[in-house]
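Understanding the architecture of this molecule
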Amino acid sequence: MHLFGVPTGLQCSFSQSDALSLMSHVQVARSIQDDCVEEALRKGNRKVNLNHLLKFTLTPRESDHHHHYWSGHHRSSRPPPAKHSKEQFLQANCQFVVREGTMCRWNPDVPIAWELVHEVRVLQQQSTTGQEEERCPVCLGTPRAAQMPPCGHVYCWSCLLHYLALSDRPYRPCPICDRAFSAQQLRRHVVVPQPRRGYQPGDEITMCLMRRQKNQPGAQPMPADLWRVDDLEPFNISREERLTCHQRVLVACPKQLGAMLDREESELRSQLLEEGDAPEACFVQAALQASTQQR
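Thresholds applied
Residues numbered from 1 in each chain as written. Predicted model: local features only at pLDDT ≥ 70, side-chain atom pairs only at ≥ 80, totals over all residues. Heavy atoms only, no water. UniProt positions renumbered as here; feature names shortened; annotations may be inferred. Axes fitted to C-alpha atoms, helices over the stretch in contact; angles between N-to-C directions. Helix = DSSP H or I, 4+ residues; strand = E, 2+ residues; numbered from the N terminus. Parallel < 35°, antiparallel > 145°, perpendicular 65-115°, else oblique. Contact = heavy atoms within 4.5 Å. Nonpolar A, V, L, I, M, F, W, Y, C, P; charged D, E, K, R; others polar. Core = buried A, V, L, I, M, F, W, Y, C linked by side-chain atoms within 4.5 Å. Buried < 20%, exposed > 50% of the residue type's maximum accessible area, 1.4 Å probe, protein only. Polar contact = N/O pair within 3.5 Å; in protein donor to acceptor, adjacent residues only side chain to side chain.

The name recorded for the chain in an unreviewed UniProt entry is E3 ubiquitin-protein ligase RNF10, from Rhipicephalus microplus. According to the UniProt record, the Sequence similarities (unreviewed entry) comment for the chain reads "Belongs to the RNF10 family."

**Thoughts on the packing of helix H4 (residues 157–165) against helix H7 (residues 281–293)**
It is at 8 Å that the axes of H4 and H7 come closest, and there the two elements cross at 105 degrees. Between H4 and H7, the angle is such that the two are roughly perpendicular. Every residue of H7 that contacts H4 at Trp157, Ser158, Leu161, His162 and Ala165 is listed here: Phe283, Val284, Ala286, Ala287, Ala290 and Ser291. Of the residues in the contact of H4 with H7, the class split is 8 nonpolar, 3 polar and no charged.

**Looking at the nonpolar core**
With 19 residues, the main nonpolar core has Trp157, Phe181 and Leu268 as its most contacted residues. Broken down by secondary-structure element, the contributors of at least two residues to this core are H4 and H7. Top contributing element to this core by residue count: H4, with 6 residues. By size, the runner-up hydrophobic cluster in this structure holds 13 residues, among which are Cys94, Phe96, Val98 and Val249.

**Focus: the environment of Ser238**
As for its placement among the helices and strands, Ser238 is situated in the loop between strand E13 (235–236) and helix H5 (241–244). Among the residues examined, Ser238 registers a relative accessible area of 56% and is labelled exposed. Placed 14 residues apart in sequence, Ser238 and Ala252 show a C-alpha to C-alpha distance of 8.3 Å. At 2.9 Å, the side chain of Ser238 and the side chain of Asn236 are in polar contact.

As C-alpha cells, then:
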C-alpha cells in the first residue's frame, strides 16, 4: 500500500499532522483544477493549459553570439554581417575637394570631416547603351546646381531649400533615407564623366603598377617621378586625370574654389530666368544668395 506516493513499508518522517496538511493541499489543488476546467469548457475551449498550476518555468537560454545553421550534413557557423555606414560608402565611391592647407595628412580608413568638404565629385563612366541620367527625387528632373547632404543623395538646390522651408526646425529628414540634415550641411555635387574603355577580344591592354603608402589618400602609378615625399600631400584638382582619378581627397586653392562658385551661380541664374514668376523662383534666389555668401 502506498500513501501519497510513499510505500507504507518504508520508514518516513511524515507525521499525522503533516499527512493531514498534505491532504488538504491536494484537495485545494483539485478543486482549483476542476474550477479551471469547468470554466474553460463553459467558454467552449477544448484545449486547457494547466501549466500555471505546476509552477514550472524554464531557465532562460544562454545567448549564442554565433548563429549556427545546418548546411547539408555538416554544421557551420555564420559570422555576423559587417556593418557599413553611409560615410564609408561615400568615401569609397566619391572624391572630396577641400580647401588647400586645411589638411596635410589623411587616414583613408577614417571618414573625412564633412565640414571640410567644398565639393563632392563622382566619377562616372560614359555608357554607350543610353544610361538614364541622374534625377532629383523631388522634381524628378535633372538636378540644377546639384547639392548633396551628408547621406549621399543628390537634389536640386532650390528643391532642398523649398523642402527645408516647409518646417520651422532647421533640420529635416532626407526624403529618401530619413537622415536629418540642414541647409548648412549641403555640399556641391559634380559628376565627372570618364571615357568608357570597351575592350574587344584580341586587344592589347597595358597594365600599370600602383603604389599606396601608409596614410596616403589613394594609390599612385609607379613612374619614378612620383616617388617623392611630397606626394603624401593630397593632389590638386589641376593635376593630370591619370593621377587624380585614383585619389579620394583633392585640394583646391581659393581661386579654383571661386571658379566653382562662378559655375554654380551661372547655373542658378539660368534657372532663375527659366522659372520667371513661378513660386519656385524665390528658392532659386535664396540659393543664389547662399552661393554668394560662400565667397
